Each structure stands twice: as structure tokens, then as C-alpha cells.
Amino acid sequence: MVGEQVTDEGLDEGSEDRVVDKGAAGLSVRDLTVRYEEGAPPAVDDVSLDVAPGRVVALLGASGSGKSSLLRAVAGLVRPERGTVLWDGEDVTRVPVHRRGFGLMFQDGQLFPHRDVAGNVGYALNRMPRGRRRARVGELLELVGLQGYQNRPVQEISGGQAQRVALARALAAQPRLLLLDEPLSSLDKALRSRLASDIRDLVQRTGTTTVHVTHDQDEAFAVADLVGVMEAGRLVQLDTPARLWGHPADAGVVELLGQGPVVAPEQMAAWFGVRVEGPVALPVGSLVVEEARESSGRAPGAGGISAEVVSSRFVRGRTEVEVKLPDGRLAAAVVGGGALGREPGETVGLGVDASALVHLRPGH
Ligand SMILES: Nc1ncnc2c1ncn2[C@@H]1O[C@H](COP(=O)(O)OP(=O)(O)OP(=O)(O)O)[C@@H](O)[C@H]1O
């Protein structure tokens, strides 16, 4: 059966001879497809991915793009229809969850409510002599900044502390791979960004290879060496945060990152007198309101267009307006000159800051 939720017992260690690319050190996912229902589109569609030892890869994508399904297939919680999961070149596709040596942390069902903090963190260490376990739990709590919390009931700690306990628990057995599925999604923005950098710090210090699923680009960029973008089950781009932002693979990635409309080179030349090699996106900061124009609209000169202001807001010390481009699409523009506000309905002159344009990756 394919795509079913499997239990530990549901997987037996595979003995079939299969010809697979042995992959590199660390995690290698090869041609992985997950399908939950026969005839339905795959949740994960032919994904290959390498995560080198000690690296952190974030999987970013819209809801339903297949991030969790990919992570669950790597964990062994979902059986793939096709493809291979390898660790250090060893095929673990049919190895039961608990024998993979991977640590899991999911957003829900985090802690055992009847155990205290130490009982939760030490859960996977039940074979360790009591003294060693106590020392290890102490070490882990120190690692996540919760020293002294051993005897606290888990109902009496904050959401952020609970996430730290869950992280310590996932790290307790020194997993060779840490799999995090939206580990911070129940927290508010400020705490999320603080914990995201804590996670990065922690996995770097412990050298733990990590796959971190999130739909929050700030979180992905904060934690990861490489960010993989998923769209409709496919891994469409895997890049460093800077390259992903600077050279998104396609319009879907641009949309996911909120980088504004994509404009063809001919259009850029016609509107702004700017020559570009391929399509560009217009993120906030690339369009600049240069002047107010009569609402009757003077003919725009070379290097600028007239556009109608749709809405206006003051953000972090500057005014940002949403404008309607000549082709009817909306884009964000910043208003030069500090305090100048722009009212909806007003027509303004727009220029472009070429250094802030995002150039889509060639070949797409
Ligand atoms: N247990 C399941 N049975 C049937 N279909 C499922 C199951 N789990 C996920 N799916 C479907 O598979 C697709 C991918 O879902 P998945 O949860 O992997 O995406 P995601 O990117 O992690 O989304 P989210 O960010 O909302 O968690 C979706 O179309 C979803 O409806």
C-alpha cells in the first residue's frame, strides 16, 4: 500500500535488491514520490534532495505544497510510492521509524502532560543508568536555556519554554538527523524569531544535521544554510537564503517570497527605460514615488510611469503605497522625502531603483 500512515510495525527492513544512487554523506532523498490516494495527485512529486552532515535545510512552501509529507516520508511515518531515503549511503526507506536514529519534533502533541520537564526530556534515555540520565537531562536543559527547570510540571511553563523542552527531548538521543515540522508555529512572531535563532545556534553547536519545515520565510532564512522551496509536491529550488531571494527560480517562488509582480524585459524598457536580461520582480523598495502628478496624468517621460495610488501605509519610518501599474497589476512603492504621504486615488510618478530589482534565475 502506498502513502498510508505507517506504524513502526508496518515497515520491515528491506532486503530487495534495488539499484539506487548511493547518494552522499548525510541525508539523500532520491526520486521520492508520496501519494495518499490512488489516482490523486502526488503530495510529494519526484523529489531529490541532499543534506550534508551538519547542515540545516529549511523546506518552505505554501500550505499543501507537500513539506510535511516529505518530512514524514524521511522520518518513516509515511511510506513513499516510489523513491529512496538514504543515510550515509545506506538505504533506510524500509527501516522502521525508531531504528532510523532520527529525532522528530512536530508542532502539536509536543509534551507528555503527566511528566515533568526532566521526565519529558529524558524520555528517550530510559536505558541509561539513572545518574547518567540525570546529568544528560541537565546538559540538555542548559543547552536550551532552561537550567533548573527539571521538576517543573509542563503545564506550568510558557509556550516558548515548552518548545525548548520539546527540542531538548528531540536532541536527547543525539539523533543523526533532526526533523522539525513547524516547530515554532504556535508562538507569536517575536518569540518565533528569537527561538529560530536559538535553534540555529543549537544545531550548529551540536553539529546536528537538520531538516526544518516552515511556511514562514523569515524563520526559514533565520535557521537554514539552504532553503528548499516546494510547490505542488515538487522541490522547485534549493539555494542559500541570499541566492533564493536574489534569484528566485520562477514566478511561484517570487509570489511565495512576496517579491511583487514579475515584469518582462521589454516592459521594463518601455516603462522605466531600464535594460534587464530576463524577467525581474519588483519587491518593496524597487519602485519609488518621485513626484505627484495631476490626476489627468501627464504623459510619463522616459524612465518613469504614472500610476494610481490604491492604498497607503506608514511602515517603519517611511510611507509605502500600493500602486496600480499600467497593466492593472498592483505593486508596492516607497515614497521618497520622508514625511510625504500619498492619498488613494492620487496619480504619482514612479521611478525604479535598478539595484533593488530581483532577477529571476535564467532558464525559467
Ligand atoms: N494523511 C493524508 N491523507 C490524504 N491526503 C493528505 C494527507 N496528508 C496530507 N495530504 C495532502 O497532501 C498534500 C500535501 O500536504 P502536506 O501536509 O504535506 O503539505 P504542507 O506543505 O506540509 O502543508 P501545511 O503547511 O498546510 O502543513 C495536500 O494536498 C494534503 O491535502
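Above this text sits the structure in question.
Residues numbered from 1 in each chain as written. Predicted model: local features only at pLDDT ≥ 70, side-chain atom pairs only at ≥ 80, totals over all residues. Heavy atoms only, no water.

**Student:** Would you mind going over the overall build of the protein with me for this structure?
**Tutor:** The helix and strand inventory of the protein stands at nine helices and 18 strands. The buried share among the 364 residues of the protein stands at 47%. (Helix = DSSP H or I, 4+ residues; strand = E, 2+ residues; numbered from the N terminus. Buried < 20%, exposed > 50% of the residue type's maximum accessible area, 1.4 Å probe, protein only.)

**Student:** Can you help me understand the site of the ligand in this one?
**Tutor:** The full set close to the ligand counts eleven residues, and Ser 63, Gly 64, Lys 67, Ser 68 and Ser 69 are the nearest of them. Gly 64 places a main-chain nitrogen or oxygen 2.8 Å from an oxygen atom of the ligand. Ser 69 has a polar side-chain atom sitting 2.5 Å from an oxygen atom of the ligand. Within the complex, 58% of the 630 Å² of free accessible area of the ligand lies under protein. (Near = heavy atom within 4 Å. Polar contact = N/O pair within 3.5 Å; in protein donor to acceptor, adjacent residues only side chain to side chain. Areas by Shrake-Rupley, 256 points an atom, 1.4 Å probe, with all protein chains shown as cover.)

**Student:** How should I be thinking about helix H3 (residues 130-143) in this particular structure?
**Tutor:** With 14 residues, H3 extends 20 Å between its outermost C-alpha atoms, agreeing within 8% with the 20 Å of an ideal straight helix rising 1.5 Å per residue. Taken together, the buried residues of H3 touch helix H2 (117-121) and helix H4 (159-172). (Expected span 1.5 Å × (residues − 1). Contact = heavy atoms within 4.5 Å.)

**Student:** In this structure, what is going on with the sheet that holds strand E18 (residues 358-359)? I would like to understand it.
**Tutor:** Strands belonging to one sheet form pairs held by backbone hydrogen bonds; the direction of such a pair is parallel or antiparallel. Pairing is antiparallel across the open sheet formed by three strands, whose spatial order is E11-E12-E18. Only two strands of the sheet have a single partner each, and these edge strands are strand E11 (262-263) and E18. The pairing of E11 with strand E12 (residues 280-281) spans two bridges and is classified as antiparallel. Bridge pairing in E12 links Val 262 to Ala 281. (Pairing = 2+ DSSP bridges.)

**Student:** For this particular structure, what's the right way to read the pattern of salt bridges?
**Tutor:** Any two side chains of opposite charge can pair, on the condition that their charged atoms come close. Scanning the model with the defined rule gives 14 salt bridges in all. Arg 200 serves as the salt-bridge partner of Asp 225, at 3.1 Å between the closest nitrogen and oxygen. Of this pair, Asp 225 sits in the loop between helix H6 (217-223) and strand E9 (226-231) while Arg 200 sits in helix H5 (residues 189-206), and the two are 25 residues apart along the sequence. According to the relative accessible area criterion, Asp 225 is buried, its value standing at 18%. Judged by its relative accessible area of 19%, Arg 200 is buried. For the salt bridge of Arg 205 with Asp 201, the shortest nitrogen-to-oxygen distance reads 3.4 Å. Of the two residues, Arg 205 and Asp 201 both sit in helix H5, four residues apart, roughly one turn of that helix. Ionic contacts of the salt-bridge type, sharing partners, join the residues Arg 55, Arg 200 and Asp 225 into one network. (Salt bridge = Lys/Arg side-chain N within 4 Å of Asp/Glu carboxyl O.)

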